[in-house]
Amino acid sequence: MRIHVGIVAALLLAATSHAQAQWVDSRDIMGGGPNFFGGGASAIPRETVYYPTHYAPGTIIINTPERRLYLILGDGQALRYGIGVGRDGFRWGGVHRISAKKEWPSWTPPRQMLARRPDLPRHMVGGIENPLGARALYLGSTLYRIHGSNEPETIGQAVSSGCFRMTNEDVVDLYNRVSVGATVIVKN
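Residues numbered from 1 in each chain as written. Predicted model: local features only at pLDDT ≥ 70, side-chain atom pairs only at ≥ 80, totals over all residues. Heavy atoms only, no water.

### Here's the deal with the pattern of salt bridges
Applicable threshold: By convention in these notes, a salt bridge is any Lys or Arg side-chain nitrogen within 4 Å of a carboxyl oxygen on Asp or Glu. To qualify as a helix, a DSSP run of H or I must reach at least 4 residues; to qualify as a strand, a run of E must reach at least 2; elements of each kind are numbered from the N terminus. Note on classification: 1.4 Å probe, protein chains only; a residue is buried when its accessible area is under 20% of the maximum for its type, exposed when over 50%, partly exposed between these limits.
Per the stated rule, a full pass over the model turns up eight salt bridges. For Asp-170, the salt bridge goes to Arg-46, with nearest N and O atoms at 2.8 Å. On the criterion of sequence distance, the pair formed by Asp-170 in helix α4 (residues 168–177) and Arg-46 in the loop between α2 (26–30) and β1 (47–50) is long-range, its members being 124 residues apart. Measuring nitrogen to oxygen at the nearest pair gives 3.9 Å for the salt bridge that ties Arg-46 to Asp-173. Of the two residues, Arg-46 is situated in the loop between α2 and β1 and Asp-173 in helix α4; the sequence distance between them amounts to 127 residues. A relative accessible area of 31% places Arg-46 in the partly exposed class.

As structure tokens, this is what we get:
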């Protein structure tokens, strides 16, 4: 009898009109809900891979053409993450160090970006709608960052103005593993 009542209740709930008040998963607001990390995961899973190199553990290697970021673990292994990279005309290479790390960073578009896109806001406070996502790792004195994204579908694509995008889940993982001062090598 209890099973029958449960099935009837489920059917009644399913039949409720979508136009009525919708239930909000408060975990999304407080953190940890299914949409907390930007509404989806990357189609490129994070994984440990064989990566023999002479670079020290903690070094980040960004392979722009491959659209992957490698965190060197040592013993011939690295964590490989999918990333979004700069579109044509915005790719760059070089060696920098992580100069700062920020959780839920605010975003002020640089004047060069505002010249191209005057419709952008002049400043956005940190949060789930912010294009920098959950975390940002600042690269030396450049305008560039490794940062999260509220658009996980752009991972593996060349769409940015030179920054490296990760899913919020992946950027939080990387953020927790690296320190200010870590070397970042960008191969173009």
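### With respect to the nonpolar core
Rules: We define the nonpolar core as a collection of buried residues of types Ala, Val, Leu, Ile, Met, Phe, Trp, Tyr and Cys that are connected through side-chain atoms lying within 4.5 Å of one another. In what follows, residue pairs with any heavy atoms lying within 4.5 Å of each other are defined as contacts.
Ile-60, Ile-62, Leu-69, Ile-146, Phe-164 and Leu-174 are the most contacted members of the largest nonpolar core, which totals 22 residues. With three residues, the single largest contributor to this core is α4. If near-sequence neighbours (up to four positions away) are discounted, Leu-174 is found in contact with Ile-60, Leu-69, Leu-71, Tyr-81, Leu-137, Ile-146 and Met-166.

### So, unusual backbone geometry
Not every positive phi belongs to a glycine, and Arg-67 is a case in point at roughly 60°. Assignment of secondary structure puts Arg-67 in the loop between β2 (60–63) and β3 (68–74). Its identity as a non-glycine residue notwithstanding, Trp-104 has a phi of 45°, on the positive side. Tracing the backbone shows Trp-104 in the loop between β6 (94–103) and α3 (111–116).

### A closer look at the environment of Thr-154
Of note, Thr-154 is situated in the loop between β8 (145–147) and β9 (158–160). Along the chain, Thr-154 and Arg-165 lie eleven residues apart, while their C-alpha atoms are 8.0 Å from each other. Discounting chain neighbours no more than four positions away, the residues touching Thr-154 are Gly-84, Ser-149, Val-159 and Arg-165.

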